[in-house]
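# Notes for the structure review
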Amino acid sequence: MSVVYLNGDYLPVGDATVSVNDRGFLFGDGVYEVTPSYGGRLFRWEQHLARLKTGLAAIGIDFDAAALEQVKEELLARNGLDGVPAAYVYVQVTRGTAPRTHWFPDPPVAPTVYAFANRFMRPAMAEWRRGVSAVTVPDQRWARADIKAIALLANVLAAQAAVEAGAGNAIFVRDGIALEGSHNNLFAVFGGVLATAPKSNYILHGITRDLLIELAGEMGIPVEERAIPLPELTRADEVFFSGTTTEVRPVVEIDGRKVGDGRVGPVAQRLYERFLEAVEA
Ligand SMILES: Cc1ncc(COP(=O)(O)O)c(C=O)c1O
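Residues numbered from 1 in each chain as written. Predicted model: local features only at pLDDT ≥ 70, side-chain atom pairs only at ≥ 80, totals over all residues.

## Observations concerning the domain arrangement of the protein chain
Segmentation of the protein chain into domains returns domain 1 (3-119) and domain 2 (126-280). Distance from the C-alpha centre of domain 1 to the C-alpha centre of domain 2: 26 Å. Taken together, the contacts link 20 residues of domain 1 with 13 residues of domain 2. Every element with two or more residues in the side of domain 1 that touches domain 2 is listed here: β3 (30-38), α2 (45-59) and β5 (86-94). (Domains from an automatic or database assignment. Contact = placed C-beta atoms within 7 Å. Helix = DSSP H or I, 4+ residues; strand = E, 2+ residues; numbered from the N terminus.)

And the structure:
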């Protein structure tokens, strides 16, 4: 049974319990972070920590997230994941346990801190080359999608809509603009130029997104951070998702129509190869 971390203790997952008065349970009042580990080493932890700190500050939870580096490493070791090629550590911090009021507990209570680690299984290359299909869904999320909030109901409904349509993922569309996937950022290629939605309050500022933009720059692939209207997305040569537990995942069909020629394109392929080199370095 896996070992998880809860409020200072490492314990079997079956023994880890939180109160029904936890504000994460009652309100989805908290933030989370998922950090990858490659070859036993946390990858881009500084960036993940910075985003977690920004999220905590944005929702007014006072917690020293820097201490979590040690927790993450300990979880990897205790679960035998420090020797595997790829794993990830999930951590969530909620505002804590207090009688239910919409406003913050006053005085503040200790936040609830929960973390677990899991192995990451990358798809085999043959499967990756088949790509995935996607459906578009109206973006029904709140206007702070840049906060990695644990309240993910709109993302859950979007992912389920994809499952029910027999698709691999959903793409959020707000006011006619394709923004990102249900749990990933979105890239498109037009005539060799990579495009992705600019950072705003309407998307999560993905760490993988940043990495891919950096790598594309090194590879001489021009990148435009700009709005992609849905009609334009459906005419893209290539489309792919990015994310910590997605890495790079090509999309070969959107709403039943082929993307480009319906096969994984060269830009996604080259970027994925470069991405794998970067994380394995
Ligand atoms: C909505 C959304 N967008 C984008 C991402 C990708 O972010 P990252 O690359 O930091 O994992 C995620 C990851 O969970 C997400 O949930």
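Now that the structure has been shown, the text picks up again.
## Describing the pairing of strand β14 (residues 238-243)
Burial within β14 is extensive, with six of its six residues counted as buried. Of the two faces of β14, both are covered, the one formed by Glu238, Phe240 and Ser242 as well as the one formed by Val239, Phe241 and Gly243. When strand β10 (residues 185-190) meets β14, the two strands line up antiparallel, connected through five bridges. Its bridge partner lying in β14, Leu186 is registered against Phe241. Strand direction decides the pairing type here: β14 and strand β15 (residues 247-254), joined by five bridges, are antiparallel. Paired with Ser242 across the bridge in β15 is Val248. Hairpin connection of β14 to β15: three residues between the antiparallel strands. (Buried ≥ 20, exposed ≤ 12 C-beta atoms within 10 Å, placed from the backbone. Pairing = 2+ DSSP bridges.)

## Section: the site of the ligand
Close contacts around the ligand come from 13 residues, with Leu204, Gly206, Thr208, Gly243 and Thr244 the closest. Elements represented by at least two residues in the shell around the ligand include exactly α6 (207-218) and β14. When residues in the shell around the ligand are grouped by element, the largest group, three residues, is from α6. A breakdown of the residues in the shell around the ligand according to their chemical character gives three nonpolar, eight polar and two charged. (Near = placed C-beta within 6 Å. Nonpolar A, V, L, I, M, F, W, Y, C, P; charged D, E, K, R; others polar.)

## Comments concerning the nonpolar core
Ranked by size, the top nonpolar core spans 44 residues in total, and within it Ala134, Ala170, Ala188, Val239, Val251 and Leu271 carry the most contacts. Among the elements that line this core, the one with the most residues is α6, at five residues. Once you skip the residues sitting within four places of it in the chain, Val239 turns out to touch Ala188, Leu233, Val251, Ile254 and Val259. Within the second largest apolar cluster, 22 residues are counted, among which are Tyr5, Leu81, Tyr88 and Val91. (Core = buried A, V, L, I, M, F, W, Y, C linked by C-beta atoms within 7 Å.)

## So, helix α3 (residues 68-78)
Looking only at α3, the buried set comprises Leu68, Lys72, Leu75 and Leu76. Projected onto a plane normal to the axis of α3, the buried residues spread over an arc of 100 degrees and lie on a single side. Looking at the buried positions of α3, the neighbouring elements they touch are β1 (3-6), β3, β4 (41-42), β5 and β6 (112-119). Downstream of α3 by one or two residues, Gly80 has phi in the positive range, about 65 degrees. (Arc of directions from axis to C-beta.)

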